[in-house]
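Listed below, chain by chain, are the residues.
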Amino acid sequence: MNDLRERLNRLADAAAEGVELTPPDQLPASRPRWRSGPALIAATAVVVIAAVTVAVLVGRDDGDDDVAVGGNDGGGSAGQGNDAVVAVTYGDASVSTDPVDLALRFLDADGTVISERSWSELEQPTEGVPEQTVVMGGLAQRVPAGELRLEASRGGTLLPVQCSQPFTAAPGDRLILRLEFGATCAQVESVEDWVANRTGPTGVDYIGLTQAEADDRAQAAGLTTRVVAADGMDLAVTMDFRPDRLNLVLFDGIVVAAQLDGEEVVPSGLECPDNATCDTVISPLVPVGSLAVDLEPVEGMFIEGFDVTLQFYDAGDNLLAERTWSESASATGTTAAAGDVDPYYTHVLREPVPSGTNRLVTTMRINPDPEGPPCETTVDVGQADVARVTLLFAPDEQGACASIAAATAEADQLLGMPRGLPAPGFVGLSENEAMDEAASRGWTVRVLARDGEGETRTDDYQPERVNLVLEDGRVVAAARS
Amino acid sequence: MEFADFFEQTAPRLVRLCFLTTLDREAAADATQEALGRAWRDWGRVGADSSDPAAWTRTVALNLCRNRWRRLASQARLAPRAYTVDSRPDDLPDIDLQRALGRLPVRQREAVVLHYWADLGVEACASAMGVSPGSVKQHLSRARQRLAVELGEPSLELEVESP
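**A closer look at the overall build of chain A**
From N to C terminus, chain A includes 8 helices and 28 strands. Every one of the 481 residues in chain A was classed for burial, and the buried ones make up 45%.

**Overview of helix H9 (residues 133–151) of chain B**
All names here are of chain B. Taking 1.5 Å of rise per residue, 19 residues should cover 27 Å, and H9 covers 26 Å from first to last C-alpha, within 8% of that figure. Among all positions in H9, only Ser135, Val136, His139, Leu140, Ala143, Arg144, Arg146 and Leu147 are buried. Once H9 ends, the next one or two residues include glycine 152, with phi positive near 65°.

**With respect to the nonpolar core**
Judged by nonpolar contacts, the single largest core of 107 residues is most densely connected at Val249, Val255, Val256, Val469, Ala477 and Ala478 of chain A. Beyond its immediate chain neighbours, meaning those up to four positions away, valine 255 of chain A contacts Tyr206, Ile207, Gly208, Leu209, Gln211, Ala214, Leu248, Val249 and Leu250 of chain A. Core analysis: the second largest hydrophobic core is formed by 54 residues, Ala27, Val46, Trp56 and Leu147 of chain B among them.

**Remarks on helix H2 (residues 25–41) of chain B**
With 17 residues, H2 of chain B should reach 24 Å at 1.5 Å per residue; the first-to-last C-alpha distance of 24 Å fits that figure. Burial analysis of H2 of chain B places 16 of its 17 residues in the buried class, the great majority of the element.

**Structural notes on unusual backbone geometry**
Negative phi values dominate among residues other than glycine, just as trans dominates among peptide bonds. Residue and element names in this part refer to chain A. Even without glycine at this site, aspartate 231 takes up a positive phi of about 50°. Structurally, aspartate 231 is set in the loop between strand S13 (224–230) and strand S14 (233–234). For aspartate 451, which is not glycine, the phi torsion reads 45° and is therefore positive. Relative to the assigned elements, aspartate 451 resides in the loop between strand S25 (444–450) and strand S26 (453–454). On the basis of neighbour count, aspartate 451 is assigned to the exposed category, with 11 C-beta atoms found within 10 Å.

**Considering the sheet that holds strand S16 (residues 254–260) of chain A**
All names here are of chain A. Read from one edge of the open sheet, 4 strands run S14-S13-S15-S16, paired in mixed fashion. Two strands lie at the open edges of the sheet, namely S14 and S16, each paired on one side alone. Across 6 bridges, the pairing between S13 and strand S15 (residues 245–251) is parallel. From the neighbouring strand, arginine 226 faces S15, where its bridge partner is asparagine 247.

**Focus on the pairing of S25 of chain A**
Residues and elements named next belong to chain A. Of the strand pairs in this sheet, S25 and strand S27 (residues 465–471) are connected by 6 bridges, and their pairing is parallel. Bridge pairing links valine 447 to leucine 468 in S27. Relative to S26, S25 runs antiparallel, the two sharing 2 bridges. Residue pairing across strands places alanine 449 opposite glycine 454, the latter belonging to S26.

**So, the environment of alanine 257 of chain A**
Residues and elements named next belong to chain A. With respect to the helices and strands, alanine 257 occurs in strand S16. Owing to 27 C-beta atoms within 10 Å, alanine 257 belongs among the buried residues under this scheme. Sequence separation between alanine 257 and valine 191 is 66 residues, and the spatial gap between their C-alpha atoms is 9.9 Å. Once residues lying within four places of it in the same chain are set aside, the contact partners of alanine 257 are Val195, Arg198, Thr199, Gly203, Ile207 and Val249.

**Points about the sheet that holds strand S2 (residues 83–90) of chain A**
Residue and element names in this part refer to chain A. The strand order across the open sheet built from 4 strands is S8-S2-S11-S12, with neighbouring strands paired in mixed fashion. Edge positions in the sheet fall to strand S8 (139–144) and strand S12 (186–190), since each has one partner strand and no second. Sheet twist, expressed as the average angle between the axes of neighbouring strands with direction ignored, equals 25°. Where S2 lies against S8, 6 bridges are found, and the strand directions are antiparallel. Counted as the bridge partner of aspartate 83 is proline 144 from S8.

**Topic: the packing of helix H1 (residues 3–22) of chain B against H2 of chain B**
Residues and elements named next belong to chain B. Direction vectors running N to C along H1 and H2 enclose 145°, while the axes themselves pass 8 Å from each other. The chirality of how H1 crosses H2 is right-handed. In contact with Phe3, Phe7, Thr10, Ala11, Leu14, Val15, Cys18, Phe19 and Thr22 of H1, H2 contributes Arg25, Ala27, Ala28, Ala29, Ala31, Thr32, Ala35, Leu36 and Trp40. Residue composition of the contact of H1 with H2, grouped by class: 14 nonpolar, 3 polar and 1 charged.

**Focus: the confidence of the model for chain B**
Residue and element names in this part refer to chain B. Here chain B shows a mean pLDDT of 80. Residues at 70 or above account for 80%. Mean pLDDT across the secondary structure elements of chain B bottoms out at helix H5 (residues 68–76), with 41, and peaks at H1, with 92. Low pLDDT, under 50, characterises residues 68–80; the predicted model gives this stretch 16 contacts beyond four residues in sequence or across chains. Confidence metrics for the complex model read pTM 0.39 and ipTM 0.89.

Calculation criteria
- Residues numbered from 1 in each chain as written.
- Chains lettered and ligands numbered in written order.
- Predicted model: local features only at pLDDT ≥ 70, side-chain atom pairs only at ≥ 80, totals over all residues.
- Helix = DSSP H or I, 4+ residues; strand = E, 2+ residues; numbered from the N terminus.
- Buried ≥ 20, exposed ≤ 12 C-beta atoms within 10 Å, placed from the backbone.
- Expected span 1.5 Å × (residues − 1).
- Core = buried A, V, L, I, M, F, W, Y, C linked by C-beta atoms within 7 Å.
- Contact = placed C-beta atoms within 7 Å.
- Pairing = 2+ DSSP bridges.
- Axes fitted to C-alpha atoms, helices over the stretch in contact; angles between N-to-C directions.
- Left-handed = near helix turned anticlockwise from the far one by under 90°.
- Nonpolar A, V, L, I, M, F, W, Y, C, P; charged D, E, K, R; others polar.
- pLDDT = per-residue confidence, 0-100.

Below is the structure:
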C-alpha cells in the first residue's frame, strides 16, 4: 500500500509542476462583497403583476435569452482581457405602458464612441396587452477599462432630456448604471452590491455558471429555476412559494446570486436568521442533494381524506422539513378535491436534503380512520443528485412500506420507469443477491443497464418481473413493469 | 488565518488532489482556482475559527472536479483564465497507474485518492465526498479489488482501510 501512496505522490507531484494559480485577491476584478452591503431588495420581495405578463416572463425563463446582450457591436459577454461589462437600467419595473425612446452612447476618455445602443433592443410587446412593453433586464455592454462616459437621451412622449455620466471601469469590473435623469445622471453600482445577501446556502454552488449550466445542475438536484433579476433589473415574478425552486440572478448571462424560495442567507451552521423560513435551510457547508418521493401506481377513485405526512431527517437525526402530500400537490395547482385525481396521485414531492444518509418518515392517513404506522426509509443521496423513493399504500408481503426506486438521477433515467411498480429492497444488493431475492419472491429479472450502458428492452408488461439498473455490480435502481 | 496563508498552504495540495481525481491537469487547475476563489469570496465565514476551511475547500473542489460539464465549460468560456498550465502532454509518469485510476468509477477514485493519498480516515472521506462512511468503505474495497488486478498487486486487495 505504501507503494500505491508513493506512486500517487509521484504522479501528483509531476502533474502539479507547471501549474500556476493566481491568488483570488490578486485577480483584476474588484473584491466581491457578497455579504457586506445591505440587502437592496429582499429576495422574497418580488412584484406581482398582471397574470398575462407573468405568463410572458415564465415562458422566457426556460430560454437562454433573458439577458439582453448583442446589439450592433456586441453586448457584454463575460469580460475579456482588459474589458469590463456595464449594464444600464432605467426605471424600477420591467413593464411599462409605452416604449421608452432612450438612446445610449458609451464613450472613452478621448470622447471616442465605443458603442451606440437603444433601449428598444430590450423592449418587447406583451402578448395580448398591446399597450404594454416588457423589458427583461438591463442593457449590457462590454467596454474597455478606463475612464468612460455614458451619454443618455430620452425622447418620445416624455419630456426630452439628456445627460452624461462619467464612470471608471477597472478590468473585469461588472457595473450597473442606473439612469435617473435627475441631479445625478446615473447611479453607479457594482454587481456585488446589487446581489449582496441574495445567495442562499443552496445557491452558492451556482455562482459563476451560465444559465444553461445552472438549469442542468438544478435539474439534476430536482430543482426548477427561474430568473428573478438580470443585468441590474429586478423582474416581475409571482410570489408563490415553491420549496424546490431556485431563483437566479444573472449578470451578463452568468449567475451572480441564487437562492431557493424562502431561503435567506444563513450566517453559519444551522442558525436561522430572523427573516428566514428555516424549514428548508441547510447549512451552507453541507452539500445538497434531493429526495423525490412518489406514490406507487394505483387505479381507482380518490379516497376522501387521503394524505401523507413526510418528515425528512438528516444523518444527525435533525428534522429538516415536514411536508404533507396535499400541500405539496396543491402548490403545483393540483387538488384531488377539484377532480385532479390522477395528477394528485402522480405528483412527485421533491425536497432538498444534505447529501449523504437521510431518513424519511412517512405516515399515511385516510380520514376518519386513524393514521397508519409510520414508515421509515433510509436513503443515501449524492451531492447535486436525486434519489427517488416510492411509497407503498400498504406493506407488501415482506413488510416493506417504501421502495428506493433509484439511488441516483442517472440510474432513474436508465430505469426509465417513473410510474413503475415498486420493488422494495433491491437497491443496494449485488447482482447475485438481487437474483436470489427475486427468485424468493417468484419474480423474474431483467437488467436494463450496466455501468451506465443501457441494454435493449421490450415494452411488454410483466408485473412479476423486476427491472434492474446495475452500477459496479450493485443495484442502483429497481422497479417492476 | 489570513487568506493569503491559507492559499499558500492549500493550493499546491488541492491541485494534486484534483488532478488525481480528474487525471486532467487543466480541469484540476480550473477546479482548484475556482474552489479557492469561492473560499476567498466567503472567507469571513469559511475562514472563521470554528470552521475547517481546508475541508470546505476540498469538498467544493471535489464537487467541481466531479462535474464533467464544468470541464467542458472551462474550455468554452470566454473569461480569461486566472491560472496557467504548461503544455506537457505525454511526460507524466506511471502510465499504468494513470490508466488504472482512469478505469475506476469516479467515486472509487475519489475514495482512493482521499484515503491513500490525502491520508484521510473513512469519516473524513465520507464528509468530503458527501456520502456515508459505509459507502466509502464499499468504494475503497471495490477500488482495491480493481487496482489489485490492474496494477498486478494482489496485496492491495487484502488492505483494510484505517478508520
